Amino acid sequence: MNSTILANHLSVNYSEEGPYESPVIIFIHGFPFNKSMWKPQVEALKDSYRVITYDVRGHGDTETGNEDFSIELFVSDLLGLMDALNVQNAILCGLSMGGYIALRAIVAHPERFDALILSDTQCIADTPEAREKRMKTIASIKVNGVKKYADESVKNLFSPESFTTKQASILAIRKMIVSTSRQSLSYTLLALAGRKETCSSLSKIVVPTLIMVGNNDIITPPAAARMLHEGIHGSLLHIVQQAGHLPNLENPDDFNFQLKLFLHRFAKPPAVLNTTVGD
Ligand code: MLT
């Protein structure tokens, strides 16, 4: 079900599926995609979990608002969405930028989250070179437009295998990028460039954590995932084969298998829903 709701003074586009009484899992997409990138995971989990996906500010059909974008603002939006949907506690799953948001959210509001899944993300801030590259990207989008940016981006997002086996996903991701406004792309690139590191806070994360990464991810490579794994006590690390930066789309069978295994172990849905109509 696709809906909009006012959260943190913003009209947020979201979708929720699955039994209302079940444990809640919230998926946060990467940059510059939208909530539809989680379709295979929604399908895999919706029978047993209340699955929430949403478009981050400026992406998909969520408004841009008037404030400067930052990871902290995205965290306020997430908390605003949880409050608006009456979700006290949730399991968080974030990919790349979604992982930056999830990490910052759990460090700032540990009491609101029960488990964490981090995919293809990292805890470091941008290096000066990475910041410089983002500024060049902003300038290039202004001059050459979003389509050229989408074509360039797609080349780095997928593993070599996916270019022959996952063409529908590649087209879908390209479409998501192209439908993001120039303004949102620039605002978000500035937010990513300005984000603070979370590596020094990893030891504060005490909830069950699963870390996944595509074996061929060249944006946030397996080394970045290992760093998260070493920092988060008791975390599990899984390397998804035949996948680049988007293993949830490139190898959904393995990604979903690991996800379900982890959730079953740490966030088992209630066997019998203990509710009565009229309660
Ligand atoms: C993403 O997929 O969210 C981006 O690659 C994150 C980034 O550029 O740091």
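> What exactly am I supposed to notice about the overall build of the protein here?
On a plain count of helices and strands, the protein comes out with eleven helices and eight strands. For the protein, the C-alpha radius of gyration of 18 Å lies close to 19 Å, the compact-globule estimate for 279 residues. Along the three orthogonal principal directions, the C-alpha set of the protein runs to about 60 × 40 × 40 Å. Split into buried and exposed, the 279 residues of the protein put 53% on the buried side. Total accessible area computed for the protein in this model is approximately 12600 Å², and 53% of it derives from carbon and sulfur atoms. Within the protein, one finds 26 positive and 29 negative side-chain charges whose respective centroids are separated by 5 Å.

> What is the right way to read the environment of Asn-66 from this model?
Note that Asn-66 resides in the loop between strand S4 (50-54) and helix H2 (71-84). Between the C-alpha atom of Asn-66 and that of Arg-265, which follows or precedes it by 199 residues, the distance is 42 Å.

> Could you clarify how one ought to interpret the pattern of salt bridges in this entry?
Note that side chains of opposite charge can pair when their charged atoms are close. For the structure on display, the rule yields ten salt bridges. Two residues, Glu-72 and Arg-104, come together in a salt bridge whose shortest N-O distance is 3.7 Å. Note that Glu-72 is positioned in helix H2 and Arg-104 in helix H3 (residues 97-108), a separation of 32 residues in sequence. A salt bridge links Asp-83 to Arg-112, with the shortest nitrogen-to-oxygen separation between them at 2.9 Å. Within this pair, whereas Asp-83 is found in helix H2, its partner Arg-112 is found in the loop between H3 and strand S6 (113-119), the two being separated by 29 residues in sequence. The class for Asp-83 is partly exposed, based on a relative accessible area of 49%. Each member of the salt-bridge network shares a partner with another, and the members are Glu-72, Arg-104 and Lys-196.

> Teacher, can you tell me more about helix H5 (residues 146-157) here?
For an α-helix the count is 3.6 residues per turn, leaving residues at separations of three or four pointing the same way. The first and last C-alpha atoms of H5 sit 16 Å apart over twelve residues, in line with the 16 Å expected at 1.5 Å per residue. Where H5 is buried, its residues touch helix H4 (128-144), helix H6 (162-165), helix H7 (167-178), helix H8 (182-193) and helix H10 (247-250).

> Please clarify how the pairing of strand S3 (residues 24-28) should be interpreted in this entry.
Two faces, one strand: in a regular strand the side chains alternate between the faces of the sheet. The element S3 is extensively covered by neighbouring structure, given that five of its five residues are classed as buried. Across five bridges, S3 lies against S4 in parallel orientation. In the strand pairing of S4, Phe-27 is matched with Thr-53. Sheet analysis places S3 next to strand S5 (residues 90-95), joined by four bridges and oriented parallel.

> Before we go on, may I ask you to explain the packing of aromatic side chains in this structure?
Aromatic ring pairs are reported here in terms of the distance separating the ring centres and the angle at which the planes meet. Here the structure, examined in full by the defined rule, presents five aromatic pairs. On the numbers, 5.1 Å between centres and 50 degrees between planes, the contact of Phe-262 with Phe-266 is tilted. Linking Phe-262 with Phe-266, this pair stays in helix H11 (residues 252-266), spanning four residues, or about one helical turn. An aromatic cluster is defined as three or more aromatic residues linked by ring pairs; in this entry it consists of Phe-69, Phe-74 and Tyr-187. The residue whose ring lies beneath Arg-195 is Tyr-100, and the NZ or CZ to ring-centre distance is 4.1 Å.

> How do you make sense of the packing of H5 against H7 when you look at a structure like this?
To characterise two packed helices, one gives the angle between the axes of the helices and the distance between these axes. Contact pair H5 / H7: the axes reach a minimum separation of 9 Å and the direction vectors enclose 140 degrees. Between H5 and H7, the angle is such that the two are oblique. Both H5 and H7 take part in a crossing whose hand is right-handed. Of the residues in H7, those in contact with Val-146, Lys-147, Tyr-149, Ala-150, Asp-151, Ser-153, Val-154 and Leu-157 of H5 are Ile-170, Ile-173, Arg-174, Ile-177 and Val-178. Partitioned by chemical class, the residues of the contact of H5 with H7 number nine nonpolar, one polar and three charged.

Basis of the calculations
- Residues numbered from 1 in each chain as written.
- Predicted model: local features only at pLDDT ≥ 70, side-chain atom pairs only at ≥ 80, totals over all residues.
- Heavy atoms only, no water.
- Helix = DSSP H or I, 4+ residues; strand = E, 2+ residues; numbered from the N terminus.
- Rg over C-alpha atoms; globule rule 2.2 N^0.38 Å.
- Buried < 20%, exposed > 50% of the residue type's maximum accessible area, 1.4 Å probe, protein only.
- Areas by Shrake-Rupley, 256 points an atom, 1.4 Å probe, with all protein chains shown as cover.
- Lys, Arg positive; Asp, Glu negative; His and termini not counted.
- Charge placed at Lys NZ, Arg CZ, Asp CG, Glu CD.
- Salt bridge = Lys/Arg side-chain N within 4 Å of Asp/Glu carboxyl O.
- Expected span 1.5 Å × (residues − 1).
- Contact = heavy atoms within 4.5 Å.
- Pairing = 2+ DSSP bridges.
- Phe/Tyr/Trp six-rings, centres within 6.5 Å; stacked < 30°, edge-to-face > 60°.
- Lys NZ or Arg CZ within 6 Å of the ring centre and 35° of its normal.
- Axes fitted to C-alpha atoms, helices over the stretch in contact; angles between N-to-C directions.
- Parallel < 35°, antiparallel > 145°, perpendicular 65-115°, else oblique.
- Left-handed = near helix turned anticlockwise from the far one by under 90°.
- Nonpolar A, V, L, I, M, F, W, Y, C, P; charged D, E, K, R; others polar.

Shape is all these values report; function is a separate question.
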